[in-house]
Amino acid sequence: MPTVIITGTSSGVGLHAANALANRGWKVIGACRDINKAERAAQTLGINPSNYSIMQLDLGSLESVRNFVNAFRATGQTLDALVCNAAVYLPRLKNPQYSPEGYEISVATNHLGHFLLCNLMMEDLKKSSLDQKRLIILGTVTANSKEFGGKVPIPAPADLGRLEGFEAGFKAPIAMIDGKKFKPGKAYKDSKLCNMMTVRELDRRFPDSGITFSSLYPGCVADTPPLPQHPQTLPENLPLVPKEHHQGLRHPGTGGRSRRPSRRRWPI
Ligand SMILES: NC(=O)c1ccc[n+]([C@@H]2O[C@H](COP(=O)([O-])OP(=O)(O)OC[C@H]3O[C@@H](n4cnc5c(N)ncnc54)[C@H](OP(=O)(O)O)[C@@H]3O)[C@@H](O)[C@H]2O)c1
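Figured I'd write up the structure that's included with this text. (Residues numbered from 1 in each chain as written. Predicted model: local features only at pLDDT ≥ 70, side-chain atom pairs only at ≥ 80, totals over all residues. Heavy atoms only, no water.)

Let us look at the overall build of the protein. Looking only at helices and strands, one finds 9 helices and 6 strands in the protein. Scored against the burial criterion, the 268 residues of the protein give a buried share of 48%. Restricting to contacts in the protein with at least 6 residues of sequence separation, those with at least 24 account for 71%. Here the protein displays about 13,900 Å² of accessible surface, and carbon together with sulfur accounts for 53% of that area. (Helix = DSSP H or I, 4+ residues; strand = E, 2+ residues; numbered from the N terminus. Buried < 20%, exposed > 50% of the residue type's maximum accessible area, 1.4 Å probe, protein only. Contact = heavy atoms within 4.5 Å. Areas by Shrake-Rupley, 256 points an atom, 1.4 Å probe, with all protein chains shown as cover.)

This is the structure:
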């Protein structure tokens, strides 16, 4: 039975991906910061408990990432796929929040935590005997300058500048990768751009690893009303969103079964 680690399975895409893979015979490990919440969500959705377990991981803390990897290895399990799904989106923050190690929280959680996790777990993935080893990081159109969503200037498109903020250590008062003024919505976009660049770089550096590296846009996912009840009404409710973009609107449980299949896959 192949094993997959999915980060952030307490809600949304991660929760439903865990359910789908458990139903397909995968041994799923949910890597979650709030184990109780993740267990409640799994019970509510009815994830098969014999194919699903949860381990503690706070991606905002690099120490927690290292502890998670050690705890996983201590179980003696092999790893066949890693899905970096968890993310925070905090567009209303007035001031930057910082991780325990002192880094802006959106970039620390979405990028730095996953970056370390991927780098550490490459060793485990390489040992897998599965033909189709996978490392996947969730991306988003809003961080892709070639997409409509990536051009929206609210608060600004993703832009890493010349990594001035990283170069200066990325600790307070620095809160943006380009070293400029804090914009919480842009911090999220920047972090997802880093996610997508990480996948491309992994693919470039490890062409013979037998691992397929990919990044994907899950569509505009909502598991709150009105989407689950009235998905057909959403395009009409969003007249300003180009048709091409709202085709992806979906409930997280409808992956692969949406009204129209997603055409969006990030080129490696
Ligand atoms: N929803 C969309 O329309 C959309 C569009 C484009 C891309 N995406 C991407 O798709 C992925 C999933 O999105 P979603 O809508 O399913 O989000 P979601 O429902 O908000 O779920 C996010 C998950 O990440 C976890 N998480 C947050 N901070 C964490 C941390 N420090 N350590 C460990 N886990 C943490 C959350 O755990 P808690 O329950 O503890 O908070 C939750 O399980 C994200 O990468 C997102 O960027 C989503």
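Right, let's talk about the sheet that holds strand E4 (residues 81-84) for a bit. With parallel pairing, the 6 strands of this open sheet are ordered in space as E3-E2-E1-E4-E5-E6. Sheet topology places strand E3 (52-56) and strand E6 (211-216) at the edges, where each strand pairs with a single neighbour. Strand after strand, the sheet turns through a mean of 15° between neighbouring axes, direction not considered. Summarising the sheet, strand E5 (residues 133-138) and E6 pair through 6 bridges and their orientation is parallel. Each bridged residue has a counterpart across the sheet, and for Ile136 the counterpart in E6 is Ser214. (Pairing = 2+ DSSP bridges. Axes fitted to C-alpha atoms, helices over the stretch in contact; angles between N-to-C directions.)

The environment of the ligand is formed by 27 residues, the closest being Ser10, Lys37, Asn85, Tyr188 and Val221. Side-chain polar atom of Tyr188 to an oxygen atom of the ligand: 2.6 Å apart, as the coordinates give it. Within the side chain of Lys192, one N or O atom sits 2.8 Å away from an oxygen atom of the ligand. Protein contacts shield 84% of the accessible area of the ligand, which totals 900 Å² for the unbound molecule. Partitioning the shell around the ligand into residue classes produces 12 nonpolar, 11 polar and 4 charged. (Near = heavy atom within 4 Å. Polar contact = N/O pair within 3.5 Å; in protein donor to acceptor, adjacent residues only side chain to side chain. Nonpolar A, V, L, I, M, F, W, Y, C, P; charged D, E, K, R; others polar.)

In this section: the pattern of salt bridges. One pass over the full model with this rule turns up 7 salt bridges. Among the salt bridges present, the one from Glu123 reaches Arg73, with a minimum N-O distance of 3.9 Å. Here the residue Glu123 occupies a position in helix H4 (residues 105-126), and Arg73 occupies one in helix H3 (residues 62-74), the gap between them amounting to 50 residues. The class of Glu123 is partly exposed, set by a relative accessible area of 45%. Given a relative accessible area of 31%, Arg73 falls into the partly exposed group. Between Glu123 and Lys127 there is a salt bridge; the shortest N-O distance is 4.0 Å. Judged by relative accessible area, which is 62%, Lys127 ranks as exposed. Salt bridges sharing partners connect three or more residues here, namely Arg73, Glu123, Asp124 and Lys127. (Salt bridge = Lys/Arg side-chain N within 4 Å of Asp/Glu carboxyl O.)

This brings us to H4. With 22 residues, H4 ought to run about 32 Å at 1.5 Å a step, and its terminal C-alpha atoms sit 30 Å apart, in line with that. Of all the bends in H4, the largest measures some 35° and sits at Leu120. Of all 22 residues in H4, 17 are buried, a share of seventy percent or more. With a side-chain oxygen lying 3.1 Å from the backbone nitrogen of Ser106, the N-terminal cap of H4 falls on Glu104. (Expected span 1.5 Å × (residues − 1). Bend = angle between axes of the 7 residues up to and from the residue.)

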